[in-house]
Amino acid sequence: MAPLVVRREDWLNLGVVFFLAVALAQSWNVIGGLAGQVNLGHAAFFGLGALVARQLWAAGTPIAAAMTAGAAVATTAGLALGLAAFRLRGAYFAIGTLALAEVLRLFVANNLSQVSTLPAAAIAGYQLGVRYYTAAGLALGTTLAVGWLAASRLGLAMEAVREDEEAAEASGVGGFQVKLAALACSTALVGLAGGVFAFYQISYYPQHPFNPTWTFDAVLITFIGGVGTIHGPVLGAMLFVLLRDYLAVRWADLHVLVFGALFVAIVLLLPGGLVEVGQRLRGRPGVAGRGRVVGRASSGSST
Amino acid sequence: MLEVWQLDAAYGELRALAEVSVRVEPGEIVALVGSNGAGKTTLLRSIAGLTRPRAGRIRWRNEDLGHLPPHKVVERGVAMVPEGRRLFGHMTVEENLGLGAFTRRARGERSASLARVYEIFPRLAERRRQRAGALSGGEQQMVAIGRALMTRPALLMLDEPSLGLAPRVVEALLEVLATIHQTGVAVFLVEQNVRAALGLAHRGYLLAHGRVVGEGSGAGLLGDPEVRRAYLGPLALER
Amino acid sequence: MTALAQQLLLGVLLGGLYGLAAAGLSLVFGVLRVLNVAHGELIMLGGYGAFWLFDLFGLDPFLSLLVVMPLAGALGGLLYAGLFAYVVRLGEEPRIRTSLLVGFGLALCLHALAVRLFTADERAITTTYAGRGIPLGAIVLPIGRLVSLAVAVLLILLLDAFLQRTRWGQAIRAAAEDWEAAALQGIDVRRAYTLAFAIGTALAGAAGVLVATGYSVSPAIGLEWTLKALIVVVLAGLGSALGTFAGGVVLGCAEALSAALFGGAYREVVGLLLFFCVLVARPQGFFGRP
């Protein structure tokens, strides 16, 4: 019943998958956790980062530059999305971004329907270790970015907007600007993650990183770990990857079922996620400000 | 019949009612007056089951109403006409009234109730097929009261029915309430319009900052110089 | 020209299903203010229900509606009691958001369950009359899909009649407009909500049966149909079953036109873009609640 991880190579691959999951979740955490905007188009920026990085790299650009370019394109797209979509609030923003991301995926699927494979030379010189460390750096970088943002003035503004955008506006916080900044950071980070994916994955369909599953995974991981917290997405990613790897041996896809159920339970019962579980076990009261993306019924609510 | 005892209610941190005790006996018209924010609406909402009180007891015909959901309170014969009327604007007058007879008890006498409502409010009979949202303020108030009557209540509670109505309409409203009372329905009238409410009522309560600060007969309270000064303004003392 | 006419006809036939699919979502959102994004998954389950009833017992899919719909309704009641009953107690904004998240989790669970139980393969119901069509001049009317449209229309009319004429239908509409005022008339709002959710799910199940009949069903159609339903609800607004149906037909035609003009690959795109534009044009979100 042990996972089929018996060679060093398998550990490294698992590591990359884990680090990518952390990066995907942390980048989503910026917009969804810190700023409280449920962006369901996250995969679009992952895909753009991957697409641009892959094309440039295949054309000869050094991978670091290619990844940076990917992140830049993703950020630009993120700003465009923000301009178009931030008129929408809450759930409408969520489904609106989902729709746009789907449009993008369909475009890519129709225009770039052929598998993207690394040229033979690249495959021959492929070093998994380099990918591993790159991905590790990415995971660390995104986590540090979230930590830094959360503690910064911008992070404070994001929290104000998350809790009550109108009240924040009334106290002089520019809601739109803050959300846009959050989205820019989020898409930059996930665009970079896309570049790492393009660097790592030997062969895939160009539309694959645009698949909404990447968004859903990020949302799941972030919430289960503890949305809005710094180490929540790391914990969530750990659980996610382990579960997927473990369950995949016997039951393909069942990890989604477990995670979905866990997700619903957390949304309804324990919005602080695993982080809150940890805090409660250690005797501290539940997370109050952080991690509350979902509003709770106040005792005076009329129902 | 209705007995509210030491009721405490709050919205989050804000204490809306503190140790409020009122009662309504069968066949009475009781008024509860107070200014904005005194807690009048909270009291009615608590009785009706829309808000859960923090402490205290609400008894109706010797049954504890405290934890019943609103529809069960209605089943037991306590109806409320909420502040602002809150009609179903997209439905016709008749549909609005018809919905009042939703409970089994009320459904059985639906046609009789409807006939009675049209008798009390002939203008509604004329407008029965009109969209409720298109009616004037006074007419909407009629529908709101009619709708509550359709539930065949033993106690009719009204939350500021005179709000937004012209004085002439308010007078007509008071006459209607007197008529309703004569059919055997007890009335619990909550109002900012102190003169109108106390003028009609047998007994009255004064509510201020969530507390009952006065109690007496309607006429007595109305004649009390303190009351007049507090609620009717300096000019009232001249009369 | 005839190719276009044929495409439009197929678009109308498909649009009727879009309308039916949206009707359930619209009812639930309009009444409970709950955005159940697992709606597509419920459609998918309805489709599988019809498929297995046909595959195992040879039950004609149109007859299996009589089995699938009540079962779906019961499932809806359970889902409401288990998940959404809590959500409706929240205030308006957190309610929509929480329901989105809960629906999202539910959708993932149902999807994973379907993949596990049924595999990811596409399934289609092939009845004897499935392939046949009635020629009408140069175009052909596919029989199966025509009957599906008729069924969809019938269900929409029944829904409309229920909401307008029956006691509980009016109670549901009242609760949708102002739940406190409804409760003050003696309406058990929780029961009204449960009923609305159950009906919404039953309609989803019905849509699924029709989808499996005329097209195919696989776990992947869940997200697809959720998006379709959302698009139609946004286009048509809330409050009218007939309006929602018309919105569905409009979407079906729009897709057909877009496929005819730009090629089949971009069929989906027009709906999604239209959806986004309408959403943004009304910053409050959906068409103003009446």
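Reading the values: rules and limits
Residues numbered from 1 in each chain as written. Chains lettered and ligands numbered in written order. Predicted model: local features only at pLDDT ≥ 70, side-chain atom pairs only at ≥ 80, totals over all residues. Pairing = 2+ DSSP bridges. Helix = DSSP H or I, 4+ residues; strand = E, 2+ residues; numbered from the N terminus. Contact = placed C-beta atoms within 7 Å. Axes fitted to C-alpha atoms, helices over the stretch in contact; angles between N-to-C directions. Domains from an automatic or database assignment. Nonpolar A, V, L, I, M, F, W, Y, C, P; charged D, E, K, R; others polar. Expected span 1.5 Å × (residues − 1). Buried ≥ 20, exposed ≤ 12 C-beta atoms within 10 Å, placed from the backbone. Parallel < 35°, antiparallel > 145°, perpendicular 65-115°, else oblique. Left-handed = near helix turned anticlockwise from the far one by under 90°.

Some words on the sheet that holds strand 2 (residues 14–24) of chain B
All names here are of chain B.
And then number 1: Strand order in this open sheet of four strands is 2-1-4-5, and the pairing throughout is antiparallel. Of all strands in the sheet, those with a lone pairing partner are strand 2 and strand 5 (63–64), marking the two edges.
And then number 2: Two elements, strand 4 (residues 55–60) and strand 5, share two bridges in a ladder whose sense is antiparallel. Bridging across to strand 5, Arg-59 finds its partner in Asp-64.
And then number 3: Lying over the sheet, helix 1 (residues 40–48) contacts strand 1 (2–11), strand 2 and strand 4, oriented at roughly 115° with respect to strand 1.

Points about the interface of chain A and chain C
And then number 1: Contact residues are listed per partner, giving 35 residues for chain A and 38 residues for chain C.
And then number 2: Among the elements of the structure, helix 4 (90–111), helix 10 (212–226) and helix 12 (254–269) of chain A are those that each provide at least two residues to the side of chain A that touches chain C.
And then number 3: It is helix 4 of chain A that contributes the most residues to the side of chain A that touches chain C, 12 residues altogether.

Observations regarding the sheet that holds strand 7 (residues 155–159) of chain B
Residues and elements named next belong to chain B.
And then number 1: An order of 6-7-8-3-9-10 is seen for the six strands of this open sheet, with the pairing classed as mixed. Two strands lie at the open edges of the sheet, namely strand 6 (78–81) and strand 10 (211–217), each paired on one side alone. For this sheet the average axis-to-axis angle between neighbouring strands, irrespective of direction, equals 15°.
And then number 2: Bridge analysis of strand 3 (residues 29–33) against strand 9 (residues 203–208) gives four bridges, and the strand direction is parallel. Residue pairing across strands places Val-33 opposite Leu-206, the latter belonging to strand 9.
And then number 3: Helix 1 rests against strand 3, strand 6, strand 7, strand 8 (186–191) and strand 9 of the sheet, and its axis sits at about 145° to strand 7.
And then number 4: On top of the sheet, helix 7 (residues 137–149) reaches strand 6 and strand 7; it is set at about 170° to strand 6, its chief contact.

Examining the domain arrangement of chain B
How big an interface is tends to be expressed through the accessible area that disappears when the partners come together.
Residue and element names in this part refer to chain B.
And then number 1: Its domain assignment divides chain B into domain 1 (1–77 + 158–239) and domain 2 (85–152).
And then number 2: Between domain 1 and domain 2, the C-alpha centre-to-centre distance is 23 Å.
And then number 3: Residue-level contacts link 10 residues of domain 1 with nine residues of domain 2.
And then number 4: Among the elements of the structure, helix 2 (70–75) and helix 8 (167–182) are those that each provide at least two residues to the side of domain 1 that touches domain 2.
And then number 5: Grouping the amino acids of the side of domain 1 that touches domain 2 by side-chain chemistry returns seven nonpolar, two polar and one charged.

Focus: helix 11 (residues 267–281) of chain C
And then number 1: The terminal C-alpha atoms of helix 11 of chain C lie 22 Å apart, and with 15 residues this matches the ideal 21 Å at 1.5 Å per residue to within 8%.
And then number 2: Taken together, the buried positions of helix 11 of chain C are Glu-268, Val-270, Gly-271, Leu-272, Phe-275, Phe-276 and Leu-279 of chain C.
And then number 3: Residues of helix 11 of chain C that are buried sit in contact with helix 4 of chain A together with helix 9 (221–236) and helix 10 (241–262) of chain C.

Things to note about the packing of helix 1 (residues 2–32) of chain C against helix 8 (residues 189–214) of chain C
Two numbers describe a pair of packed helices, the interaxial angle and the distance between the axes.
Residue and element names in this part refer to chain C.
And then number 1: Interhelical geometry of helix 1 versus helix 8 gives an angle of 165° and a closest axis separation of 8 Å. Looking at the two axes, helix 1 sits roughly antiparallel to helix 8. Considering how the two elements wind past one another, helix 1 and helix 8 form a crossing that is left-handed. From helix 1, Leu-17, Leu-20, Ala-21, Ala-23, Gly-24, Leu-25, Leu-27, Val-28, Val-31 and Leu-32 reach across to helix 8, where they touch Tyr-193, Ala-196, Phe-197, Ile-199, Gly-200, Thr-201, Leu-203, Ala-204, Ala-206, Ala-207, Leu-210 and Val-211.
And then number 2: A class-by-class count of the residues in the contact of helix 1 with helix 8 yields 19 nonpolar, three polar and no charged.

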